[in-house]
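Spelled out, the chains give:
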Amino acid sequence: MTDDKTTDNKVKRRLTTVLCADAYGYSRLMEADETSTLEALRRYRAAIAGLVERHDGRIVNTWGDAVIAEFASVVEAVQCAVEIQQEVSNQDSNPLNAPPMRFRIGINLGDVMVDGTDIYGDGVNIAARLQELAEPGGVVISASVYDQVRNKLSVGFDCLGQRPMKNVAPVTSYRVTVGGPATQGRSFAVDTNRATHGEAVAASETDALRSQARHEPSTWMHFVSGWLANLPRPVAAALTVSGFLILINVFTGMHKIWFHWPVAALLFGAILRTALGHRPASDSNGERRTGRD
């Protein structure tokens, strides 16, 4: 009997994805207009419940102005969060003229304790703390969620690093940014100056190509060096020095042209030296014999 009771009282645990959504500035909105704020909260909760059900999740709790939901699929949880923010944004222009309400959402994949229909533990607490890191209209996820969805959704991610969180150990978190083709309707508030992960990769590849182009010799340089290599060494040297003299004259001002005299002297000397160096050996021997006679 004792063993049966111990088995019955044992805490059940499971790995699940927890979504925590909270209405930003709810107390301030209630102070300004209780009736309109409560009606808006009920309307948004109904929309959130419909989206959670559509993505095969379930609402765990709705205490205060917060909503706790869990999902078997990490991908479905993140997609649901994106659609929640879009739906809330789309309902801003409501006929009741209620003050705009924004939600912050945190998502965590972790181990939780199960008590009936409720869930408890660090898995839930971390999701609630991540929600506090989110901007109004934004979504923040833990590293465990990021590892599961980074290549499976058309959204971007900005790494926030490890932020201190109340009563839980710091975890690496990521802000979700919307801009991919798979999302529809109006996107929730994001920092448009930040590049998505795909854009960052494309930019780095572009920079690499530009850097490679800067460091690789161009085609015309190969042509010039090859042409000089085929010339006699004195002529090639004279042409190289002449080119530097011409450039110096150009960059120091063309109001006075002076390069032609030293260039002419260099070229004349190079040609003369080349011509004398290629005289037939028989001519040289004949001259020496004539001199001795």
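The following paragraphs examine the structure supplied in this document.

Points about the packing of aromatic side chains
Inference 1: Scanning the entire structure with this criterion turns up three aromatic pairs.
Inference 2: Between the aromatic rings of tyrosine 44 and phenylalanine 103, the centroid separation amounts to 5.8 Å while the plane-to-plane angle is 85°, which identifies the pairing as edge-to-face. Highlighted residues: tyrosine 44 in helix α3 (residues 34-54) and phenylalanine 103 in strand β4 (residues 102-115), separated in sequence by 59 residues.
Inference 3: Taking relative accessible area as the criterion, tyrosine 44 reaches 1% and is therefore assigned buried.
Inference 4: Among the residues examined, phenylalanine 103 registers a relative accessible area of 0% and is labelled buried.
Inference 5: Relative to tyrosine 174, the ring of tyrosine 146 lies with its centre 3.9 Å away and its plane at 10°, an arrangement referred to as stacked.

Notes on α3
Inference 1: With 21 residues, α3 ought to run about 30 Å at 1.5 Å a step, and its terminal C-alpha atoms sit 30 Å apart, in line with that.
Inference 2: Among the residues making up α3, those that are buried are Ser36, Thr37, Ala40, Leu41, Tyr44, Ala47, Ile48, Leu51 and Val52. For α3, the angular spread of buried residues about the axis comes to 140°, placing them on one side. Residues Glu34, Thr35, Arg42, Ala46 and Glu53 are exposed on α3 and point more than 90 degrees away from its buried face.
Inference 3: Turning to α3, the residues buried within the fold contact α2 (26-32), β2 (57-61), β3 (66-71), α4 (74-90) and β4.
Inference 4: For α3, the N-terminal cap is aspartate 33; the gap from its side-chain oxygen to the backbone nitrogen of threonine 35 is 3.4 Å.

Criteria and thresholds
Throughout, a residue's number is its position along its own chain's written sequence, starting from 1. Local features in a predicted model are, by the rule used here, given only for residues with pLDDT of at least 70; side-chain atom pairs are given and counted only at 80 or more, and totals for whole chains, interfaces and linings are based on all residues. As a rule here, side-chain values come from all non-hydrogen atoms in the structure, and water together with hydrogens is ignored. Pairing of aromatic side chains requires ring centres within 6.5 Å, counting the rings of Phe and Tyr and the six-membered ring of Trp. Pairs whose planes differ by under 30 degrees are stacked, by over 60 edge-to-face, and all others tilted. Helix and strand assignments follow DSSP, with helices taken as H or I runs no shorter than four residues and strands as E runs no shorter than two, numbered in order from the N terminus. The buried label applies to any residue whose accessible area, calculated with a 1.4 Å probe on protein chains only, is under 20% of its type's maximum; exposed applies above 50%, and partly exposed to all values in between. Every helix has an expected span of 1.5 Å times one less than the residues it contains. Taking the helix axis as origin, the arc is that swept by the directions to the C-beta atoms. Note on contacts: a residue pair qualifies if any of its non-hydrogen atoms lie within 4.5 Å across the two residues. Under the rule applied, a polar contact is a pair of N or O atoms within 3.5 Å (in protein, one hydrogen donor and one hydrogen acceptor; residues adjacent in sequence only if both atoms are side-chain atoms).

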